[in-house]
Amino acid sequence: MPIGNDLAQAKTLLEQGQLVAIPTETVYGLAGNAWDEQAVLRIFETKNRPTFDPLIVHTCAVERIAAFAHVHEVAERLFEAFSPGPLTVLLEKKASIPDLVTSGLSRVAVRIPRHPLTLSLLEQLDFPLAAPSANPFGYISPTTAAHVADQLGNKIPYILDGGACGVGVESTIVGVDEGQVTIYRLGGLSVEEIAAVAGNVVVQVNQSSNPAAPGMLKSHYAPRKPLLLGSIESLLAQQPSTVSIGILSFQDDYTHDPRVVAQEILSPSGDTREAARRLFAAMRTLDVSAATVMLAAPLPEIGLGRAINDRLARAAVRE
Ligand code: TXA
Ligand code: MG
(Lines give C-alpha, C1' and ligand atoms only; values in the text may rest on other atoms or scores of the structure.)
(Ligands and ions follow the chains in the order given, each with its own letter.)
Protein backbone atom coordinates (compact mmCIF):
# COMPACT_ATOMS: atom_id res chain seq x y z
CA MET A 1 0.00 0.00 0.00
CA PRO A 2 1.30 3.49 -0.81
CA ILE A 3 3.13 5.40 1.91
CA GLY A 4 5.03 8.57 1.12
CA ASN A 5 5.31 12.31 1.56
CA ASP A 6 3.64 13.37 -1.68
CA LEU A 7 1.46 16.32 -0.66
CA ALA A 8 0.01 16.74 -4.16
CA GLN A 9 -1.27 13.17 -4.13
CA ALA A 10 -2.76 13.57 -0.66
CA LYS A 11 -4.47 16.77 -1.76
CA THR A 12 -5.93 15.21 -4.92
CA LEU A 13 -7.32 12.21 -3.04
CA LEU A 14 -8.91 14.38 -0.35
CA GLU A 15 -10.47 16.64 -3.00
CA GLN A 16 -11.99 13.51 -4.55
CA GLY A 17 -13.66 12.64 -1.23
CA GLN A 18 -11.19 9.87 -0.41
CA LEU A 19 -9.37 9.29 2.87
CA VAL A 20 -5.69 9.90 3.65
CA ALA A 21 -3.84 9.07 6.87
CA ILE A 22 -2.05 12.19 8.09
CA PRO A 23 0.74 12.76 10.61
CA THR A 24 0.19 15.07 13.57
CA GLU A 25 2.31 15.80 16.64
CA THR A 26 -0.03 13.62 18.78
CA VAL A 27 -1.03 10.53 16.78
CA TYR A 28 -1.76 9.78 13.10
CA GLY A 29 -5.24 10.76 11.92
CA LEU A 30 -7.55 9.23 9.31
CA ALA A 31 -8.57 12.34 7.39
CA GLY A 32 -11.42 13.25 5.05
CA ASN A 33 -13.17 16.43 3.89
CA ALA A 34 -15.16 17.60 6.94
CA TRP A 35 -17.74 19.29 4.69
CA ASP A 36 -18.41 16.13 2.66
CA GLU A 37 -20.85 13.81 4.41
CA GLN A 38 -19.89 10.86 2.20
CA ALA A 39 -16.21 11.26 3.07
CA VAL A 40 -17.11 11.50 6.75
CA LEU A 41 -19.23 8.36 6.54
CA ARG A 42 -16.28 6.58 4.95
CA ILE A 43 -14.14 7.52 7.98
CA PHE A 44 -16.59 5.84 10.38
CA GLU A 45 -16.81 2.75 8.16
CA THR A 46 -13.06 2.40 7.69
CA LYS A 47 -12.41 2.56 11.44
CA ASN A 48 -15.45 0.48 12.27
CA ARG A 49 -16.39 3.33 14.59
CA PRO A 50 -19.91 3.84 15.93
CA THR A 51 -21.47 7.05 14.61
CA PHE A 52 -22.31 8.21 18.15
CA ASP A 53 -18.58 8.96 18.65
CA PRO A 54 -17.92 12.39 17.05
CA LEU A 55 -14.85 13.47 15.07
CA ILE A 56 -12.32 16.27 15.56
CA VAL A 57 -12.07 18.85 12.75
CA HIS A 58 -8.58 20.05 11.82
CA THR A 59 -7.59 23.36 10.29
CA CYS A 60 -4.34 25.33 9.87
CA ALA A 61 -5.20 28.75 11.33
CA VAL A 62 -7.60 30.39 13.79
CA GLU A 63 -8.90 32.70 11.04
CA ARG A 64 -10.19 29.68 9.13
CA ILE A 65 -12.39 28.43 11.98
CA ALA A 66 -15.15 31.02 11.39
CA ALA A 67 -16.11 29.14 8.21
CA PHE A 68 -17.43 26.26 10.29
CA ALA A 69 -17.67 27.24 13.99
CA HIS A 70 -18.19 30.19 16.35
CA VAL A 71 -14.94 31.19 18.03
CA HIS A 72 -15.39 32.84 21.43
CA GLU A 73 -12.84 34.93 23.32
CA VAL A 74 -11.54 32.22 25.67
CA ALA A 75 -11.06 29.87 22.71
CA GLU A 76 -9.10 32.55 20.89
CA ARG A 77 -6.87 32.99 23.92
CA LEU A 78 -6.28 29.23 24.21
CA PHE A 79 -5.56 28.82 20.49
CA GLU A 80 -3.19 31.76 20.62
CA ALA A 81 -1.29 30.22 23.53
CA PHE A 82 -1.18 26.60 22.36
CA SER A 83 -1.83 26.29 18.64
CA PRO A 84 -0.60 24.79 16.51
CA GLY A 85 -0.40 22.14 19.21
CA PRO A 86 -2.11 19.30 21.09
CA LEU A 87 -5.22 21.31 22.03
CA THR A 88 -8.80 20.67 20.87
CA VAL A 89 -11.58 23.15 21.72
CA LEU A 90 -15.33 22.42 21.59
CA LEU A 91 -17.09 25.28 19.74
CA GLU A 92 -20.68 25.84 18.59
CA LYS A 93 -20.77 24.52 15.05
CA LYS A 94 -22.08 26.22 11.93
CA ALA A 95 -24.21 24.59 9.24
CA SER A 96 -21.22 23.74 7.02
CA ILE A 97 -20.34 20.90 9.41
CA PRO A 98 -22.58 17.86 8.77
CA ASP A 99 -24.34 16.53 11.90
CA LEU A 100 -22.57 13.22 11.31
CA VAL A 101 -19.23 14.86 12.25
CA THR A 102 -20.51 15.86 15.72
CA SER A 103 -22.84 12.88 16.21
CA GLY A 104 -25.68 15.37 16.40
CA LEU A 105 -24.09 17.51 19.15
CA SER A 106 -24.25 21.29 18.78
CA ARG A 107 -20.51 21.70 19.37
CA VAL A 108 -17.71 20.65 17.06
CA ALA A 109 -14.23 19.73 18.30
CA VAL A 110 -11.61 21.93 16.59
CA ARG A 111 -7.85 21.58 16.50
CA ILE A 112 -4.80 23.03 14.75
CA PRO A 113 -2.19 20.24 14.64
CA ARG A 114 1.51 21.03 14.90
CA HIS A 115 3.06 19.08 12.04
CA PRO A 116 4.69 20.80 9.05
CA LEU A 117 3.42 18.34 6.40
CA THR A 118 -0.15 18.40 7.64
CA LEU A 119 -0.19 22.17 8.16
CA SER A 120 1.02 22.61 4.61
CA LEU A 121 -1.65 20.19 3.33
CA LEU A 122 -4.37 22.06 5.25
CA GLU A 123 -3.16 25.38 3.83
CA GLN A 124 -3.55 24.03 0.30
CA LEU A 125 -7.06 22.66 0.85
CA ASP A 126 -10.14 24.84 0.84
CA PHE A 127 -11.95 22.67 3.38
CA PRO A 128 -11.06 21.48 6.93
CA LEU A 129 -10.27 17.82 7.66
CA ALA A 130 -12.27 15.58 9.96
CA ALA A 131 -9.81 13.09 11.45
CA PRO A 132 -10.07 10.56 14.25
CA SER A 133 -6.98 8.59 15.24
CA ALA A 134 -6.06 6.21 12.39
CA ASN A 135 -6.66 2.92 14.23
CA PRO A 136 -9.50 0.42 14.21
CA PHE A 137 -12.05 1.55 16.83
CA GLY A 138 -11.00 0.63 20.36
CA TYR A 139 -7.37 -0.31 19.55
CA ILE A 140 -4.15 1.53 20.41
CA SER A 141 -3.63 4.81 18.48
CA PRO A 142 -0.87 4.87 15.81
CA THR A 143 2.24 6.99 16.28
CA THR A 144 4.06 5.97 13.08
CA ALA A 145 3.03 5.47 9.43
CA ALA A 146 3.89 1.77 9.84
CA HIS A 147 1.36 1.44 12.69
CA VAL A 148 -1.31 2.81 10.35
CA ALA A 149 -0.24 0.52 7.51
CA ASP A 150 -0.31 -2.55 9.78
CA GLN A 151 -3.98 -2.15 10.53
CA LEU A 152 -5.63 0.02 7.89
CA GLY A 153 -3.16 -0.28 5.02
CA ASN A 154 -5.49 -2.27 2.79
CA LYS A 155 -8.43 0.06 3.40
CA ILE A 156 -7.02 3.50 2.55
CA PRO A 157 -5.45 4.82 -0.65
CA TYR A 158 -2.59 6.82 0.88
CA ILE A 159 -0.60 7.27 4.09
CA LEU A 160 1.25 10.57 4.39
CA ASP A 161 4.44 9.70 6.27
CA GLY A 162 5.60 12.44 8.62
CA GLY A 163 7.79 10.30 10.86
CA ALA A 164 7.16 9.31 14.46
CA CYS A 165 4.78 11.57 16.40
CA GLY A 166 6.59 13.91 18.79
CA VAL A 167 3.94 14.09 21.54
CA GLY A 168 2.54 10.57 21.32
CA VAL A 169 -0.81 10.88 23.13
CA GLU A 170 -3.93 12.51 21.69
CA SER A 171 -4.82 16.18 22.08
CA THR A 172 -6.35 17.59 25.25
CA ILE A 173 -10.05 18.37 24.71
CA VAL A 174 -11.35 21.53 26.35
CA GLY A 175 -14.80 23.13 26.51
CA VAL A 176 -15.82 26.48 27.95
CA ASP A 177 -19.15 26.41 29.75
CA GLU A 178 -20.37 29.76 31.05
CA GLY A 179 -16.79 30.97 31.39
CA GLN A 180 -15.62 27.78 33.13
CA VAL A 181 -12.82 25.96 31.28
CA THR A 182 -13.40 22.19 31.47
CA ILE A 183 -11.03 19.45 30.31
CA TYR A 184 -13.03 16.56 28.81
CA ARG A 185 -10.06 14.48 27.69
CA LEU A 186 -6.59 14.53 29.23
CA GLY A 187 -3.97 14.68 26.50
CA GLY A 188 -0.72 16.05 25.13
CA LEU A 189 -1.22 19.51 26.65
CA SER A 190 -0.97 19.19 30.44
CA VAL A 191 -3.58 20.45 32.91
CA GLU A 192 -0.86 22.66 34.43
CA GLU A 193 -0.14 24.33 31.07
CA ILE A 194 -3.82 25.07 30.43
CA ALA A 195 -4.38 26.35 33.97
CA ALA A 196 -1.45 28.75 33.55
CA VAL A 197 -3.38 30.50 30.76
CA ALA A 198 -7.02 29.83 31.66
CA GLY A 199 -6.87 30.07 35.44
CA ASN A 200 -9.24 27.73 37.24
CA VAL A 201 -9.71 24.51 35.24
CA VAL A 202 -12.11 21.65 35.95
CA VAL A 203 -11.17 18.13 34.85
CA GLN A 204 -14.17 16.01 33.92
CA VAL A 205 -13.07 12.70 32.44
CA ASN A 206 -13.28 8.99 33.18
CA GLN A 207 -17.05 8.76 33.07
CA SER A 208 -18.15 6.24 30.51
CA SER A 209 -21.47 8.03 30.15
CA ASN A 210 -19.97 11.52 29.92
CA PRO A 211 -22.39 13.19 27.48
CA ALA A 212 -19.89 15.81 26.32
CA ALA A 213 -17.33 13.23 25.20
CA PRO A 214 -19.23 10.14 24.14
CA GLY A 215 -16.07 8.64 22.68
CA MET A 216 -14.37 8.36 26.03
CA LEU A 217 -15.62 4.85 26.51
CA LYS A 218 -14.33 2.83 29.41
CA SER A 219 -12.55 0.28 27.25
CA HIS A 220 -10.34 1.98 24.70
CA TYR A 221 -6.71 2.08 23.56
CA ALA A 222 -6.86 -1.62 24.30
CA PRO A 223 -4.20 -4.16 23.35
CA ARG A 224 -5.33 -7.69 22.47
CA LYS A 225 -3.55 -9.24 25.42
CA PRO A 226 -4.71 -8.58 28.98
CA LEU A 227 -3.02 -5.60 30.63
CA LEU A 228 -3.02 -5.45 34.43
CA LEU A 229 -2.47 -2.08 36.06
CA GLY A 230 -1.06 -1.56 39.55
CA SER A 231 2.15 -1.89 41.51
CA ILE A 232 4.34 -4.12 39.32
CA GLU A 233 5.89 -5.82 42.39
CA SER A 234 2.48 -6.87 43.74
CA LEU A 235 1.21 -7.88 40.32
CA LEU A 236 4.32 -10.04 39.82
CA ALA A 237 3.71 -11.69 43.19
CA GLN A 238 0.21 -12.70 42.05
CA GLN A 239 1.30 -14.29 38.77
CA PRO A 240 1.79 -18.06 38.40
CA SER A 241 5.36 -19.34 37.96
CA THR A 242 4.87 -20.54 34.37
CA VAL A 243 3.43 -17.39 32.82
CA SER A 244 5.24 -15.23 30.21
CA ILE A 245 5.11 -11.61 31.31
CA GLY A 246 5.51 -8.32 29.46
CA ILE A 247 6.40 -5.29 31.57
CA LEU A 248 5.43 -1.69 30.77
CA SER A 249 7.26 0.40 33.32
CA PHE A 250 7.99 4.09 33.72
CA GLN A 251 11.62 3.85 34.92
CA ASP A 252 12.32 0.53 36.62
CA ASP A 253 13.84 -2.71 35.35
CA TYR A 254 12.15 -6.05 36.17
CA THR A 255 14.15 -8.43 33.98
CA HIS A 256 15.65 -10.11 37.08
CA ASP A 257 12.33 -12.02 37.22
CA PRO A 258 12.73 -15.08 34.93
CA ARG A 259 9.06 -14.89 33.87
CA VAL A 260 9.61 -11.49 32.23
CA VAL A 261 10.07 -12.16 28.50
CA ALA A 262 9.52 -8.60 27.24
CA GLN A 263 9.95 -5.20 28.82
CA GLU A 264 9.40 -1.61 27.70
CA ILE A 265 10.76 1.16 29.94
CA LEU A 266 9.03 4.42 28.98
CA SER A 267 11.59 6.88 30.36
CA PRO A 268 14.65 5.76 32.35
CA SER A 269 15.18 9.39 33.42
CA GLY A 270 11.57 9.81 34.59
CA ASP A 271 10.45 12.34 31.96
CA THR A 272 6.67 12.17 31.39
CA ARG A 273 6.99 13.73 27.90
CA GLU A 274 9.40 11.04 26.78
CA ALA A 275 7.07 8.44 28.31
CA ALA A 276 4.06 9.82 26.38
CA ARG A 277 6.03 9.81 23.13
CA ARG A 278 6.89 6.13 23.59
CA LEU A 279 3.68 4.84 25.21
CA PHE A 280 1.62 3.55 22.27
CA ALA A 281 4.57 2.04 20.36
CA ALA A 282 5.61 0.26 23.58
CA MET A 283 2.09 -1.15 24.04
CA ARG A 284 2.11 -2.39 20.45
CA THR A 285 5.53 -4.03 20.89
CA LEU A 286 4.37 -5.86 24.02
CA ASP A 287 1.13 -6.86 22.30
CA VAL A 288 3.09 -8.79 19.62
CA SER A 289 5.77 -10.10 22.00
CA ALA A 290 5.98 -13.60 23.50
CA ALA A 291 4.30 -12.35 26.68
CA THR A 292 0.78 -13.56 27.39
CA VAL A 293 0.00 -10.91 29.99
CA MET A 294 1.22 -7.32 30.40
CA LEU A 295 1.84 -5.63 33.72
CA ALA A 296 1.94 -1.84 33.92
CA ALA A 297 2.28 0.71 36.69
CA PRO A 298 0.68 4.16 36.75
CA LEU A 299 2.98 7.21 36.46
CA PRO A 300 3.08 10.15 38.87
CA GLU A 301 0.01 12.37 38.31
CA ILE A 302 2.04 15.32 37.01
CA GLY A 303 2.61 16.76 33.52
CA LEU A 304 1.69 14.18 30.88
CA GLY A 305 1.58 11.47 33.57
CA ARG A 306 -2.15 12.13 33.99
CA ALA A 307 -2.91 11.56 30.30
CA ILE A 308 -0.76 8.41 30.27
CA ASN A 309 -2.56 7.05 33.35
CA ASP A 310 -5.91 7.74 31.67
CA ARG A 311 -4.82 5.68 28.64
CA LEU A 312 -3.44 2.86 30.82
CA ALA A 313 -6.69 2.70 32.81
CA ARG A 314 -8.74 2.40 29.61
CA ALA A 315 -6.37 -0.22 28.20
CA ALA A 316 -6.46 -2.31 31.40
CA VAL A 317 -8.61 -5.34 31.97
CA ARG A 318 -11.66 -4.67 34.09
CA GLU A 319 -13.29 -7.14 36.38
O1 TXA B 1 -4.77 14.26 18.91
C2 TXA B 1 -5.89 14.05 18.47
O3 TXA B 1 -6.89 14.63 18.92
C4 TXA B 1 -6.03 13.05 17.33
C5 TXA B 1 -5.35 13.61 16.09
C6 TXA B 1 -5.56 12.76 14.88
O7 TXA B 1 -5.78 14.93 15.87
N8 TXA B 1 -7.41 12.75 17.09
C9 TXA B 1 -8.15 11.99 17.92
O10 TXA B 1 -9.42 11.72 17.45
O11 TXA B 1 -7.74 11.56 18.97
P12 TXA B 1 -10.34 10.56 18.06
O13 TXA B 1 -11.49 10.53 17.16
O14 TXA B 1 -9.56 9.33 18.22
O15 TXA B 1 -10.80 11.12 19.45
C16 TXA B 1 -11.66 12.22 19.45
C17 TXA B 1 -12.34 12.36 20.77
C18 TXA B 1 -13.40 11.31 21.00
O19 TXA B 1 -13.29 10.88 22.35
C20 TXA B 1 -14.69 12.07 20.79
O21 TXA B 1 -15.74 11.58 21.55
C22 TXA B 1 -14.31 13.47 21.21
O23 TXA B 1 -13.00 13.61 20.76
N24 TXA B 1 -15.14 14.47 20.52
C25 TXA B 1 -15.13 14.77 19.22
N26 TXA B 1 -16.06 15.69 18.92
C27 TXA B 1 -16.66 15.99 20.09
C28 TXA B 1 -17.71 16.87 20.44
N29 TXA B 1 -18.34 17.61 19.52
N30 TXA B 1 -18.08 16.94 21.73
C31 TXA B 1 -17.46 16.18 22.66
N32 TXA B 1 -16.45 15.31 22.39
C33 TXA B 1 -16.06 15.22 21.12
MG1 MG C 1 -9.02 7.58 18.92
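Provided above is the structure to which this section pertains.
Just so it is clear, the structure is predicted and the values come from calculations on it, not from any experiment. (Residues numbered from 1 in each chain as written. Chains lettered and ligands numbered in written order. Predicted model: local features only at pLDDT ≥ 70, side-chain atom pairs only at ≥ 80, totals over all residues. Heavy atoms only, no water.)

## Points about the packing of helix α1 (residues 7-15) against helix α5 (residues 116-124)
At step 1: Running from N to C, α1 and α5 cross one another at 50 degrees; their axes reach a closest spacing of 10 Å. In terms of axis orientation, α1 runs oblique to α5. By crossing handedness, the relation of α1 to α5 is classed as right-handed. For the pair formed by α1 and α5, the contact residues are L7, A10, K11 and L14 on the first element and L117, S120, L121 and Q124 on the second.
At step 2: Of the residues assigned to the contact of α1 with α5, the class counts are five nonpolar, two polar and one charged. (Axes fitted to C-alpha atoms, helices over the stretch in contact; angles between N-to-C directions. Helix = DSSP H or I, 4+ residues; strand = E, 2+ residues; numbered from the N terminus. Parallel < 35°, antiparallel > 145°, perpendicular 65-115°, else oblique. Left-handed = near helix turned anticlockwise from the far one by under 90°. Contact = heavy atoms within 4.5 Å. Nonpolar A, V, L, I, M, F, W, Y, C, P; charged D, E, K, R; others polar.)

## A word on helix α9 (residues 272-287)
At step 1: The first and last C-alpha atoms of α9 sit 22 Å apart over 16 residues, in line with the 22 Å expected at 1.5 Å per residue.
At step 2: At L279, α9 shows its largest bend, some 45 degrees.
At step 3: Listed in full, the buried residues belonging to α9 are T272, A275, A276, L279, F280, A282, M283, R284, L286 and D287.
At step 4: Buried positions along α9 lie against α6 (145-152), β13 (245-249), β14 (260-265), β15 (293-296) and α10 (305-315).
At step 5: Two to three positions downstream of the cap, the backbone nitrogen of R273 sits 2.9 Å from a side-chain oxygen, assigning the N-cap of α9 to D271. (Expected span 1.5 Å × (residues − 1). Bend = angle between axes of the 7 residues up to and from the residue. Buried < 20%, exposed > 50% of the residue type's maximum accessible area, 1.4 Å probe, protein only. Polar contact = N/O pair within 3.5 Å; in protein donor to acceptor, adjacent residues only side chain to side chain.)

## Brief notes about the pairing of β15
At step 1: Covered by surrounding structure in β15 are V293 and L295 together with M294 and A296, the residues of both alternating faces.
At step 2: Relative to β15, strand β12 (residues 227-229) is paired through three bridges, and the arrangement is parallel. Bridge pairing links L228 to L295 in β15.
At step 3: With four bridges connecting them, β13 and β15 associate as parallel partners. (Pairing = 2+ DSSP bridges.)

## Digging into the sheet that holds β13
At step 1: In spatial order, the strands read β12-β15-β13-β14; together these four strands make up an open sheet with parallel pairing. The outermost strands of the open sheet, each flanked by one partner alone, are β12 and β14. Going from strand to strand, the sheet's axes swing by 20 degrees on average, the running direction of each strand aside.
At step 2: Sitting on the sheet, α9 touches β13, β14 and β15, and the angle it makes with β14 is about 170 degrees.

## Re the sheet that holds strand β1 (residues 3-4)
At step 1: Taken together, the eleven strands give an open sheet; going across it, the order is β1-β8-β2-β3-β7-β4-β6-β5-β9-β10-β11, and neighbouring strands pair in mixed fashion. One side of each edge strand has no neighbouring strand; the edge strands of this open sheet are β1 and β11 (201-203).
At step 2: Sheet analysis places strand β10 (residues 180-185) next to β11, joined by three bridges and oriented parallel. Bridge pairing in β11 links V181 to V201.

## What about the pattern of salt bridges?
At step 1: Summed over all chains, the structure comprises 13 salt bridges.
At step 2: Notably, a salt bridge pairs R278 with E264, separated by 3.3 Å at the nearest N-O pair. Here E264 lies in strand β14 and R278 lies in helix α9, a separation of 14 residues in the sequence.
At step 3: According to the relative accessible area criterion, R278 is partly exposed, its value standing at 31%.
At step 4: You can call E264 buried: its relative accessible area is 15%.
At step 5: Here the salt bridges share partners, and the residues they tie into one network are E170, D310, R311 and R314. (Salt bridge = Lys/Arg side-chain N within 4 Å of Asp/Glu carboxyl O.)

## Structural notes on helix α2 (residues 37-47)
At step 1: All of the buried residues along α2 are A39, V40, I43, F44, T46 and K47.
At step 2: Where α2 is buried, its residues meet β3 (29-33), α4 (99-102), β7 (129-130) and α6.
At step 3: Backbone nitrogen of Q38 and a side-chain oxygen of the N-cap are separated by 2.9 Å at the start of α2; the cap is D36.
At step 4: Following α2 by one or two positions, N48 has its phi on the positive side, about 60 degrees.

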